Amino acid sequence: MDMEKENTQENPSYWSSVIIASLVVGIVVTAFALIGGYMTLGTEPTGSFFSSAQLWGTIGCLVGAIGGVIANWHYTKEYNVTYKIGKGALIGLFVGLGATIVAVILGQIWNIIDPSYQQALVDWNIQNFEAMQMPAEAKEQAIAGMEDPNSLKNIGLQAVFTFVGLGVMNVISGLVGAKIFASEE
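A short tour of the structure in this document, coming up. (Residues numbered from 1 in each chain as written. Predicted model: local features only at pLDDT ≥ 70, side-chain atom pairs only at ≥ 80, totals over all residues. Heavy atoms only, no water.)

Some words on the nonpolar core
Phase 1: Ranked by internal contacts, the top residues of the largest apolar core, which has 15 residues, are Val25, Tyr75, Tyr83, Ile91 and Val95.
Phase 2: Breaking this core down by element, the ones donating at least two residues are helix H2 (15-41), helix H4 (67-79), helix H5 (85-113) and helix H8 (152-181).
Phase 3: Considering every element that reaches this core, the biggest residue donor is H2, with four residues.
Phase 4: What valine 95 contacts, discounting residues up to four positions off in sequence, is Val18, Ala21, Ser22, Val25, Gly67, Gly68, Ala71 and Asn170. (Core = buried A, V, L, I, M, F, W, Y, C linked by side-chain atoms within 4.5 Å. Buried < 20%, exposed > 50% of the residue type's maximum accessible area, 1.4 Å probe, protein only. Helix = DSSP H or I, 4+ residues; strand = E, 2+ residues; numbered from the N terminus. Contact = heavy atoms within 4.5 Å.)

What follows is the structure, encoded as structure tokens:
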């Protein structure tokens, strides 16, 4: 019993730190994506692959990369622990997963608040593809790939892409956070 108690004291749970950072990152990423989406809807389709309004989602993802740092900072501040940077990377990966779950849930809640949002984005993108200078067959394939945005398949694909982006970014920021706040050296 004493040995188990010692191990628990040496290795306190980092899950509260992961949950806090996941909530922060999920909310930030969702907010930036919505801002970018509504800004995109406020512009005319030009046939360009990228627009300044679409950069908001990318900026949100980059800002969301701070989750690994936040989680490692909170964990070390809360428990005054040191650990190897590999554990910081793991914490960052869990933040990426948690933030993905939060972002998907918030996105579904937003679909209830504004049910026309996703379809408006699809319509805008279809008009944008039609304005592009590309072969007709390529346009048709791109447009066909934009089936129901609220289908389970598309929600799943969005979640996978979000997790890959946030996971990689937060593993890196988790390494940095562990090095700054929890380094054993």
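Notes on H5
Phase 1: Helix length check: H5 (29 residues) gives 41 Å between terminal C-alpha atoms against 42 Å at 1.5 Å per residue, within 8%.
Phase 2: All buried positions along H5 are accounted for by Gly88, Ala89, Ile91, Gly92, Val95, Gly96, Gly98, Ala99, Thr100, Val102, Ala103 and Asn111.
Phase 3: Buried residues along H5 sit against H2, H4, helix H6 (117-131) and H8. (Expected span 1.5 Å × (residues − 1).)

Looking at the packing of H2 against H6
Phase 1: Remark: H2 packs on H6, axes separated minimally by 10 Å, with the N-to-C direction vectors making an angle of 50 degrees. With respect to H6, the axis of H2 lies oblique. The handedness of the crossing between H2 and H6 is left-handed. Residues Ala33, Leu34, Gly37, Tyr38, Thr40 and Leu41 of H2 lie in contact with H6, whose contacting residues are Tyr117, Ala120, Leu121 and Trp124.
Phase 2: Of the residues belonging to the contact of H2 with H6, the class tally is eight nonpolar, two polar and no charged. (Axes fitted to C-alpha atoms, helices over the stretch in contact; angles between N-to-C directions. Parallel < 35°, antiparallel > 145°, perpendicular 65-115°, else oblique. Left-handed = near helix turned anticlockwise from the far one by under 90°. Nonpolar A, V, L, I, M, F, W, Y, C, P; charged D, E, K, R; others polar.)

Some thoughts on the packing of helix H3 (residues 55-64) against H8
Angle between the axes and distance between the axes: these two values describe a pair of packed helices.
Phase 1: Direction vectors running N to C along H3 and H8 enclose 40 degrees, while the axes themselves pass 9 Å from each other. In terms of orientation, H3 and H8 fall into the oblique class. For the pair H3 and H8, contact is made by Cys61, Leu62 and Gly64 and by Gly165, Leu166, Met169 and Asn170, respectively.
Phase 2: Looking at side-chain class alone, the contact of H3 with H8 contains four nonpolar, three polar and no charged residues.

Quick word on the side chain of threonine 100
Phase 1: Relative to the helices and strands, threonine 100 is located in helix H5.
Phase 2: At 2.8 Å, the side chain of threonine 100 forms a polar contact with the backbone oxygen of glycine 96.
Phase 3: If near-sequence neighbours (up to four positions away) are discounted, threonine 100 is found in contact with Ala159, Thr162, Phe163 and Leu166. (Polar contact = N/O pair within 3.5 Å; in protein donor to acceptor, adjacent residues only side chain to side chain.)

Here we look at the side chain of asparagine 72
Phase 1: Mapped onto the elements of the fold, asparagine 72 is located in helix H4.
Phase 2: Owing to a relative accessible area of 0%, asparagine 72 belongs among the buried residues under this scheme.

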